[in-house]
Amino acid sequence: LKKEIQQALNLYKSQKFSEAELISKKLVEVHPKVPFLYNLLGLILCGQGKNDEAIKYYEKGISIKSDYAMIYNNLGTLYKSQEKLDKAETYYKKSIELDSNIPEPQNNLGTLYVLLNNYEAAIKCYKKAIKINSKFIPAYYNLGTGYKAMGEFEEAKKYLNKLLNLNPFFFT
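Procedures and definitions
Residues numbered from 1 in each chain as written. Predicted model: local features only at pLDDT ≥ 70, side-chain atom pairs only at ≥ 80, totals over all residues. Heavy atoms only, no water. Helix = DSSP H or I, 4+ residues; strand = E, 2+ residues; numbered from the N terminus. Rg over C-alpha atoms; globule rule 2.2 N^0.38 Å. Buried < 20%, exposed > 50% of the residue type's maximum accessible area, 1.4 Å probe, protein only. Contact = heavy atoms within 4.5 Å. Areas by Shrake-Rupley, 256 points an atom, 1.4 Å probe, with all protein chains shown as cover. Lys, Arg positive; Asp, Glu negative; His and termini not counted. Charge placed at Lys NZ, Arg CZ, Asp CG, Glu CD. Salt bridge = Lys/Arg side-chain N within 4 Å of Asp/Glu carboxyl O.

(A) Representation of the overall build of the protein within the structure. Within the protein one finds 10 helices and 0 strands. For the protein, the α and β elements follow one another from N to C terminus as α-α-α-α-α-α-α-α-α-α. The globule rule puts the C-alpha radius of gyration for 172 residues at 16 Å, and the 17 Å found for the protein is close to it. Counting only C-alpha atoms, the protein reaches 55 × 35 × 25 Å along its principal axes. Within the span of the protein, comprising 172 residues, buried residues form 43% of the whole. The contacts in the protein between residues at least 6 apart in sequence include a share of 44% that link residues at least 24 apart. With an accessible surface of roughly 9800 Å², the protein has 52% of that area assigned to carbon and sulfur atoms. Side chains of the protein give 25 positive and 18 negative charges; the mean places of these two sets differ by 4 Å.

Spelled out as structure tokens, the structure:
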């Protein structure tokens, strides 16, 4: 199972979504009680713009393991992409409530707050993400751009420099 999951992940990361989808759907058939597979399949389907199908797989994963935080995070991201911001916020907060030790939902909630022009709340989220994982590069970038948007250029420079210290080859 581990080898097959890795194969599907590698295809997903290489943006070979159709192949990854086929493998993942076969895995779900053989291992229907593994929530990670539903999360992975949801990500793969989102990568292809098959959002309605992705939602069904995410929800199936939640029905198997209702406290699987990353599925809620990924649902939040899907809803944010559909501009259903209230729903996205609810799912990000649920993810954080279930597991406060993963940086992604904090960071994603921050990006949602930026869309709502709530930079102060966004900054708090990004800082929480960094507190969880001091090497979480997206949060440094988002802090830098958030402070820049607020006109706080010294703070922006501080966080962007920290980002470059972590990854000198970073670019957007």
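(B) Quick peek at the side chain of Asn 74. On the secondary structure map, Asn 74 appears in helix α5 (residues 69–81). In this structure Asn 74 comes out as buried when scored by relative accessible area, which is 9%.

(C) Molecular detail of the pattern of salt bridges. The full count for this structure, using the stated rule, is 7 salt bridges. In this structure, Lys 50 engages Glu 21 in a salt bridge whose closest nitrogen and oxygen atoms are separated by 2.9 Å. Residue Lys 50 is located in the loop between α3 (35–47) and α4 (51–64), and its partner Glu 21 is located in helix α2 (residues 17–30); the two are separated by 29 residues in the primary sequence. We classify Glu 21 as buried; its relative accessible area is 9%. The network of salt bridges with shared partners includes Glu 21, Lys 25, Lys 50 and Glu 53.

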